[in-house]
Structures are given as C-alpha cells and as structure tokens.
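Okay, here's what each chain looks like letter by letter:
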Amino acid sequence: MASSTRTIGVFDSGVGGLSVLQHIRAALPDADLIYVADSGHVPYGDKSPLYIEARSLALTRFLLSQGAEAIVIACNTATAAAAHALRLKFHKLPIVAMEPAVKPAVAATRNGVVGVLATVGTLESARFAALLEKYAGNVKIVTQGCPGLVEVVERGDLHGPEARRLVERYTEPLLKQDADTLILGCTHYPFLAPLIREVVGADVALVDTGAAVARELKRRVDTELPPRVVVGVAGTETFYSSGDAEQATRIMSGLWGKEVVVQQLPRDFS
Ligand code: DGL
C-alpha cells in the first residue's frame, strides 16, 4: 500500500542542520523527516573538499536506504564541497542545498556593507566566490571565518562564556567595518542568534537561509515527486548521529525543543 506521506532525508556535519529542520517541519507538516548529524566527523569547516564529499555521499546513501525521496544538504560547507558531486551521482533525486544568504542580505543592507560569518571551508570555496560575483553588486561584502563556533553549538553551549568570547571576537571586525547586516552562513549559527543579537545590538540585521531552503524543498517535493494521499497525520522525525548517540540525544533534544532519541548511525556509513 502506498504510504500517505513523504520521506525527506536531511544531513549536516552535526547538530546545526536542526535549525533548518525546524523550517522544514513547518513547511511540510505531514512529511516523515530523517535527520543525520555527522557529529563523528564535525567540524567540516577545516576538512578537505574531498573528505566532505565522501562523507556527503555516505550520508546520502544511508538516507536513501531509509526511504528518503528527497535530500536536503542542511550545511553550507557540505553544499560548497559536495552538492555538485551529489547531483551528478543521484541525478534524478531532488537535492536541495544551501548557501549563505548573500542575495537577501544585499537587498536588506541600508548602508551597503554586509558581513558574512561562515566556516573557512565555505568562505574559501569557488561556490562562494561565484555567489558574490552573482549577487554582491555594489555592496561591500566583508567575511569572517569562525573556527570553534560550530564546536560550542555541538556541545549545546549557546550562552556560555566561551560562546560569548567567540561571538565577540568574530563579529567585532565586521562591525568595525560598518556591516549593518550579518549573514549567518553556517546552519549551526542560528542557534547562537540570541547571543549574537545581544552582542551586536538591535540595529544589525541577521539573515540566514533556513526558511528559504524549506520553501524550495516544498516546491520541489510538490512538483517533482508523484502525488500522494495525505491523511492529515503529523509526520515523524527520526534522528541519527555518527557521534556519541547518548550525548547526541541530550544535545539534540535541547536544540529541537522536545525529547528525542538519537540512534547510532550504522557503522557502514560512519
Ligand atoms: N553546519 C555547517 C555549515 O552550515 C557547519 C560546518 C562545519 O561542521 O564546520 O556550514
């Protein structure tokens, strides 16, 4: 019997992609969502593109083995390193990827200076250079790599002294260059948005692409996947981690906002 719902696979280098999963849940309330945190290999930001590509292929294969009909790369760094290869390999599969929100930030800035907080891997990628080429126009874009920031979110430390020290250190050069709009160019950073807001003040706009990615996913699911009977039943969420499952259960329950049980990603895919 045909299932009444959709199965969507979502992955990130770790827990950050949960910030995107929240938007996906809102956009597709009856879809079954499978999320993989590759926390056994986090951070991706300082790894080679080839390493990230290999991890992205393994995680996609796992999600397909679990029945995923569409994939969301809920990671800017993995998008830069692996989206092209994934799309070549799985050319019939809807794959939604994500990039720093340069276009909306360029539209939002009032003084023509936009700051980008992202991983070094994202900022050094050809894909990011192409994004600036396409959308920056006359706006000045200043960038800041943020080593260590992903790790504080992985530990669930969203407000502690280490998180604050790093947020102050990484936003200061951007504010000094007059950025009035900051792009949160890594899916871990929206979890730090309240702290970033405290540090940079109310006048600086913060933008990310989680909601846009969820909208794009919905559009592609609606247009590219065969129609299904929807029975109005809420979709499920299933969580896996390549890191320590017990720690992942604790951290991801906190970030997701309700108790979840995180399963160990099978060894073949870890
Ligand atoms: N969430 C990933 C991103 O959006 C973090 C990458 C990392 O693990 O360094 O870029």
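Overview of the structure. Owing to the predicted nature of the structure, the values given are computational and were not obtained by experimental measurement.

## Some words on the sheet that holds strand E10 (residues 262-264)
Alright, step 1. In space, the six strands of this open sheet follow the order E4-E3-E1-E2-E9-E10, with parallel pairing throughout. Looking at strand neighbours, the two that pair on one side only are strand E4 (95-96) and E10, the edges of this open sheet.
Alright, step 2. The pairing of strand E1 (residues 7-12) with strand E3 (residues 70-73) spans four bridges and is parallel. Within E3, the residue paired with Phe-11 across the bridge is Ile-73.
Alright, step 3. Running over the sheet, helix H2 (residues 49-65) touches E1, strand E2 (32-37), E3 and strand E9 (237-241) and is turned about 155° from E1.
Alright, step 4. Running over the sheet, helix H11 (residues 245-256) touches E2, E9 and E10 and is turned about 150° from E10.

## Quick notes on the environment of Ala-214
Alright, step 1. Here Ala-214 is to be found in helix H10 (residues 210-224).
Alright, step 2. Judged by its relative accessible area of 2%, Ala-214 falls in the buried class.
Alright, step 3. Here Ala-214 is in contact with His-23, Ile-24 and Ala-27, once residues within four sequence places are set aside.

## Considering the site of the ligand
Alright, step 1. Residues in close proximity to the ligand total 14 residues, the closest being Ser-13, Tyr-44, Gly-45, Thr-77 and Thr-187.
Alright, step 2. One of the side-chain N or O atoms of Thr-187 is found 2.7 Å from a nitrogen atom in the ligand.
Alright, step 3. Within the side chain of His-188, a nitrogen or oxygen atom sits 2.9 Å from a nitrogen atom of the ligand.
Alright, step 4. Considered on its own, the ligand offers 300 Å² of accessible surface; in the complex 99% of this is hidden by protein.

## Digging into unusual backbone geometry
Alright, step 1. The linkage connecting Val-42 with the following residue, Pro-43, adopts the cis geometry, with an omega of 0°.
Alright, step 2. Tracing the backbone through its elements, the reader meets Pro-43 in the loop between E2 and H2.
Alright, step 3. Located in the positive-phi region is Asp-178, a residue other than glycine, with phi close to 80°.
Alright, step 4. Position of Asp-178 relative to the elements: it lies in the loop between helix H8 (161-176) and strand E7 (181-184).

## Examining the side chain of Arg-6
Alright, step 1. With respect to the helices, strands and loops of the structure, Arg-6 is situated in the segment before E1.
Alright, step 2. With no salt bridge to any partner, buried Arg-6 finds its closest opposite charge in Glu-69, at an N-O distance of 4.2 Å.
Alright, step 3. Within polar-contact distance, the side chain of Arg-6 engages the backbone oxygen of Pro-226 at 2.8 Å.

## A look at the pairing of E2
Alright, step 1. Burial of E2 is extensive: five of the six residues sit out of reach of the surface.
Alright, step 2. Direction of pairing for E1 relative to E2: parallel, over a ladder of six bridges. For Ile-8, the partnering residue across the bridge sits in E2 and is Leu-33.
Alright, step 3. The handedness of the E1 to E2 crossover, carried by helix H1 (residues 18-27), is right-handed.
Alright, step 4. In terms of strand pairing, E2 meets E9 through five bridges, oriented parallel. What sits directly across from Tyr-35, in E9, is Phe-239.

Cut-off values and rules
Residues numbered from 1 in each chain as written. Predicted model: local features only at pLDDT ≥ 70, side-chain atom pairs only at ≥ 80, totals over all residues. Heavy atoms only, no water. Pairing = 2+ DSSP bridges. Helix = DSSP H or I, 4+ residues; strand = E, 2+ residues; numbered from the N terminus. Contact = heavy atoms within 4.5 Å. Axes fitted to C-alpha atoms, helices over the stretch in contact; angles between N-to-C directions. Buried < 20%, exposed > 50% of the residue type's maximum accessible area, 1.4 Å probe, protein only. Near = heavy atom within 4 Å. Polar contact = N/O pair within 3.5 Å; in protein donor to acceptor, adjacent residues only side chain to side chain. Areas by Shrake-Rupley, 256 points an atom, 1.4 Å probe, with all protein chains shown as cover. Lys, Arg positive; Asp, Glu negative; His and termini not counted. Salt bridge = Lys/Arg side-chain N within 4 Å of Asp/Glu carboxyl O. Right-handed = clockwise from strand over helix to strand, strands pointing away.

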